[in-house]
There are 2 protein chains.
Amino acid sequence: MNDKRQDKVTITEVAKHAGVSTATAGRVLGGYGYSRQEIKDRVKQAAEELGYRPNLLARGLITGKTKTIGVVAGDIQSPFYASILRGIADVTRAAGFGILLTNSDEQIERELEAVQLLREKQVDGLIIAPSDLSGSPHLQAAVRDGCPVVLIDRAIKNLAADAVCVDNRAASRDCITRLTDAGHRRIGLVAELERWEGGDITDFLTAVEDGALDSSTLFPSWQRLYGYIDALRSAGLPIDPGLIGRVGVYSSEAARKETQRLLERPERPTALFTADGLMSAAAMHVITSLDLQIPRDLSLICFDDLDWMSFIKPGIAAVVQPLTEMGEAAARLMLARVEGDGSKPQYLALQPKFAARGSIAAPLAL
Amino acid sequence: MNDKRQDKVTITEVAKHAGVSTATAGRVLGGYGYSRQEIKDRVKQAAEELGYRPNLLARGLITGKTKTIGVVAGDIQSPFYASILRGIADVTRAAGFGILLTNSDEQIERELEAVQLLREKQVDGLIIAPSDLSGSPHLQAAVRDGCPVVLIDRAIKNLAADAVCVDNRAASRDCITRLTDAGHRRIGLVAELERWEGGDITDFLTAVEDGALDSSTLFPSWQRLYGYIDALRSAGLPIDPGLIGRVGVYSSEAARKETQRLLERPERPTALFTADGLMSAAAMHVITSLDLQIPRDLSLICFDDLDWMSFIKPGIAAVVQPLTEMGEAAARLMLARVEGDGSKPQYLALQPKFAARGSIAAPLAL
DNA sequence: TTGTATGCGTTATCAC
DNA sequence: GTGATAACGCATACAA
């Protein structure tokens, strides 16, 4: 019954139809200001009849609030980000907020573009898994401009923003300790350890040795490596750099290659710790193809709980991160900021659970 | 160096700073209209210095285009939607579009709210996995108002919108035929078959018998059941309703329960076909817990390829849907519509691939 | 309680 | 080519 194209039903039309001014129409439709019940009914009915739908662009332009928050994820396709996103979506939706989604693929250039676009679209805040933990002037600028930023999964040095993370170091230390407690002395680690500002693995090891490292602003994988070192040290075991499988590019192939290298060493590790979901899947590939029996030939603990870990042969022990909870927490923090909460930035370190399964056993006596 | 709060750097400021009118400033910054090179440089420099960032709300308000498309997914947490979303995000990003994301949880009320919100936010188009395939006046209204709609995964009767689907019926028929070719005569099916407007399974069977069913506007699971029936019929096998595991609620528990029922029948099926990822994972749970050997005790084919299917014991044969491709196709169709393409709606039926793996064998002689 | 007038930051339509 | 000025659809200060 309406026009052919576009929905040209503006508040002015409704006002005319109801025989009131645009101001009053706005007041009842927008839910602000006062008006008589009779007027309210008349306006609402007119709106209904005309099929009025508020233009949130116009509202946002004037109020300065869009009720939209921007999200920069690494890769929505990964179960990790998908779950976090779910958490974010749930609490924002409940509050009437929309989410504008972008992928960064963990590349800073992408992130820059994304943040630029989101801010041009006037989002009320930014929830982001940052790609650069040391500088990030674009995020500094955001908080300076009053655009709240909530970090997820990792924190940025000297950025006045909330962060929702997981205690990776402790969780990792705990895993390795379970393995040493079971009697393992050669424990391999497979992790994506692409970039650390301080240099390579050896540099990292000496930095840890010196104790001059703030683990909270490391990338999660490095934190997990940190925990691995912690555990070995307190078990009185030496760190063998050859047992640290450093995956330089975040890909299955690279992870498989590195796992294969570890498992084909002359002195094969008796236990393996994989530092994230992609590493775990890649490791399983290799383990299966080498026909190794878990846990007889190899004990295995994975960071991140993937669905197959619970129904595969003996079950794979895993660290299960509270992913949707992280998303929810991040969103709640964000909403508080948007509502004007000016208290000092929070660093939330959630505790992951450990799913004990049949993939841990004592090493085979040689 | 700028103001404390908000980014009050408007085009007016830039114009003033460059000594030109807001009109010219707008022309060079917005990239429309003509202007001298000298002026261009001056304006651009002024913008740079002041840290000008265009307000896309204002632009959208006047142009009527937001360069944002709304996406209504079922559940982003599922690998299915996550992959599709990835495809959508990639092509929209390349075109400078943003995506506003919502979950419907396959509930029509949620979908209604979502579409309402998205349209109020003035998205240029809607990509949606619809929850109701028969009416959907809200989507009819959208296309009527000139807001392009692209459907994914399933199509709606009599809606003038593009749709990107997969040929579920054919793919399913193909799977079952592989099983009958291998000699199977008792083939179980586990699928979420919650709602079909025509009634229950028996009604569906007779409707299929009568041949009076448009399979393209059925929910995917029903299409897959349709293919199952197709294959059995052309193999000359009877349809045993007891072998159709109908999962009424979309949950792992329900799926497990139904699978268990099937696999504990006195005459256990010799092969199983699971109609989607959730069903497959649930089925694997049960199969493992019953200690059934694949493919000796049971052949298995799954719809949707999950990562574990390639490295679990003998490998699980699966239908692999081109998910990111679906998302990309949907986004491309959408962009074309937004650019003004007025040609008649397209129904795209992509062909899934089949990943043959070691989960199919001849049934054990009894 | 209601109406008038103005402004949000752009783009679009004119004259010049 | 460039500059006033009027939209876009709504919210808000102020007057009535």
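What counts and how
Residues numbered from 1 in each chain as written. Chains lettered and ligands numbered in written order. Predicted model: local features only at pLDDT ≥ 70, side-chain atom pairs only at ≥ 80, totals over all residues. Heavy atoms only, no water. Pairing = 2+ DSSP bridges. Helix = DSSP H or I, 4+ residues; strand = E, 2+ residues; numbered from the N terminus. Axes fitted to C-alpha atoms, helices over the stretch in contact; angles between N-to-C directions. Contact = heavy atoms within 4.5 Å. Buried area = accessible area lost by both parts, 1.4 Å probe. Salt bridge = Lys/Arg side-chain N within 4 Å of Asp/Glu carboxyl O. Polar contact = N/O pair within 3.5 Å; in protein donor to acceptor, adjacent residues only side chain to side chain. Nonpolar A, V, L, I, M, F, W, Y, C, P; charged D, E, K, R; others polar. Near = heavy atom within 4 Å. Buried < 20%, exposed > 50% of the residue type's maximum accessible area, 1.4 Å probe, protein only. Core = buried A, V, L, I, M, F, W, Y, C linked by side-chain atoms within 4.5 Å. Least-squares fit on C-alpha atoms with pLDDT ≥ 70 in both. UniProt positions renumbered as here; feature names shortened; annotations may be inferred.

You'll find chain A entered in an unreviewed UniProt entry as LacI family DNA-binding transcriptional regulator, with Rhizobium lusitanum given as the organism.

Asker: Looking at this model, I keep getting lost on the sheet that holds strand β7 (residues 244-247) of chain A. Mind explaining?
Answerer: Sheet strands pair via backbone hydrogen bonds, and the direction of the pair is either parallel or antiparallel. Residue and element names in this part refer to chain A. As summarised here, the arrangement of the six strands in space is β7-β6-β8-β9-β10-β12, forming an open sheet in which the pairing is mixed. Each end of this open sheet is capped by a strand with a single partner; those strands are β7 and β12 (353-355). Looking at each pair of strands side by side, their axes are set apart by 15° on average, direction ignored. Note that strand β8 (residues 271-274) and strand β9 (residues 299-303) share four bridges and pair parallel. Bridged to F273 within β9 is I301. Docked against the sheet, helix α10 (residues 220-234) engages β6 (187-192), β7 and β9, running at close to 165° with respect to β6. Along the sheet, helix α12 (residues 277-289) contacts β6, β7, β8 and β9; its crossing angle with β9, the most-contacted strand, is approximately 155°.

Asker: Please explain the sheet that holds strand β4 (residues 149-152) of chain A as it appears in this structure.
Answerer: Taken in spatial order, the twelve strands line up as β11(A)-β5(A)-β4(A)-β3(A)-β1(A)-β2(A)-β2(B)-β1(B)-β3(B)-β4(B)-β5(B)-β11(B) in an open sheet, and their pairing is mixed. The outermost strands of the open sheet, each flanked by one partner alone, are β11 (347-350) of chain A together with β11 (347-350) of chain B. In this sheet, adjacent strand axes meet at a mean angle of 20° when their direction is disregarded. For strand β4 (residues 149-152) of chain B and strand β5 (residues 162-166) of chain B, the ladder comprises three bridges, and the chain directions are parallel. Paired with I152 of chain B across the two strands is V164 of chain B, which belongs to β5 of chain B. Packed on one face of the sheet, helix α13 (residues 323-338) of chain B meets β1 (68-73), β3 (125-128), β4, β5 and β11 of chain B and runs near 170° to β5 of chain B.

Asker: Looking at this structure, I do not really get the interface of chain B and chain A. What am I missing?
Answerer: One frequent convention defines the size of an interface as the accessible area lost when the parts assemble. Opposite the 53 residues of chain B that make contact, chain A presents 53 residues. Carbon and sulfur atoms supply 54% of the area buried between chain B and chain A, which totals about 5,100 Å² over both sides. Of all residues in chain B, the largest losses of buried area upon contact with chain A belong to L57, R86 and F311 of chain B, amounting jointly to 15% of the total for that side. Counting across the chain B and chain A interface gives four salt bridges. R86 of chain A is the salt-bridge partner of D105 of chain B, the closest N and O atoms lying 2.9 Å from each other. Where chain B meets chain A, there are 18 residue pairs in polar contact (both at pLDDT 80 or more). Among the elements of the structure, α4 (56-63), α5 (79-94), β2 (98-103), α6 (108-120) and α12 (277-289) of chain B are those that each provide at least two residues to the side of chain B that touches chain A. Here the residues of the side of chain B that touches chain A sort into 19 nonpolar, 16 polar and 18 charged. As defined by bridge partners, strand β2 (residues 98-103) of chain A adjoins β2 of chain B across three bridges and the pair is classed as antiparallel. Bridging from a neighbouring strand, I99 of chain A pairs with L101 of chain B of β2 of chain B.

Asker: Help me understand the protein's contact with DNA strand C, please; the structure alone is not making it clear to me.
Answerer: Surveying the vicinity of DNA strand C reveals 25 residues, the closest of which are T24, R27, R36 and I62 of chain A together with I62 of chain B. Each atom of DNA strand C within 4 Å of the protein belongs either to a base or to sugar and phosphate, the latter forming 64%. T24 of chain A places a side-chain nitrogen or oxygen 2.4 Å from a phosphate oxygen of DNA strand C. Of all the secondary-structure elements, those providing two or more residues to the surface near DNA strand C are α2 (22-30) and α4 (56-63) of chain A together with α2 (22-30) and α4 of chain B. Residue contributions to the surface near DNA strand C peak at four residues, all from α4 of chain B. Broken down by class, the residue content of the surface near DNA strand C amounts to 13 nonpolar, seven polar and five charged.

Asker: Sorry if this is basic, but what is going on with the side chain of D145 of chain A here?
Answerer: All names here are of chain A. Structurally, the position occupied by D145 is in the loop between α7 (137-144) and β4. Taking relative accessible area as the criterion, D145 reaches 8% and is therefore assigned buried. Side chain to side chain, D145 and R119 meet in a polar contact 3.1 Å long.

Asker: I'm lost on the nonpolar core in this one. Help?
Answerer: One broad rule of soluble globular proteins: the nonpolar side chains tend to lie buried together. Ranked by internal contacts, the top residues of the largest apolar core, which has 108 residues, are F204, L225 and Y228 of chain A together with F204, L225 and Y228 of chain B. Residues A73, I76 and A331 of chain A together with A89 of chain B belong to the second largest nonpolar core, which totals 59 residues.

Asker: Got a minute to help me understand the relation of the copies chain B and chain A in this structure?
Answerer: The relation between the two copies of this chain is a rotation about an axis and a shift parallel to it. Between chain B and chain A, which share one sequence, the superposing operator has a rotation angle of 180° and an axial displacement of 0.0 Å; the RMSD is 0.1 Å. What the superposition gives is, in effect, a two-fold axis relating one chain to the other. Of every C-alpha in chain B, the one belonging to L100 of chain B sits nearest the axis of rotation, 2.3 Å from it. Looking at the interface residues of chain B, 100% of them are also at the interface in chain A, so both copies use one shared face.

Asker: I tried to follow the protein's contact with DNA strand D on my own but got confused; where do I start?
Answerer: Surrounding DNA strand D, one finds 22 residues, the nearest of these being I11 and R59 of chain A together with T24, R27 and R36 of chain B. Those atoms of DNA strand D that come within 4 Å of the protein belong to sugar or phosphate at a rate of 64%. At 3.2 Å, a side-chain N or O of T10 of chain A approaches a phosphate oxygen of DNA strand D. Backbone polar atom of I11 of chain A to a phosphate oxygen of DNA strand D: 2.5 Å apart, as the coordinates give it. Of the residues forming the surface near DNA strand D, the biggest block, four residues, is contributed by α4 of chain A. Split by residue class, the surface near DNA strand D holds twelve nonpolar, six polar and four charged.

Asker: Explain the UniProt feature "domain: HTH lacI-type" (unreviewed entry) in chain A here, please?
Answerer: The positions that UniProt labels "domain: HTH lacI-type" (unreviewed entry) are, in the present scheme, residues 9-63 of chain A. Each end of residues 9-63 of chain A is marked by a C-alpha atom, and these two atoms are 21 Å apart; helix forms 71% of the span and strand 0%.

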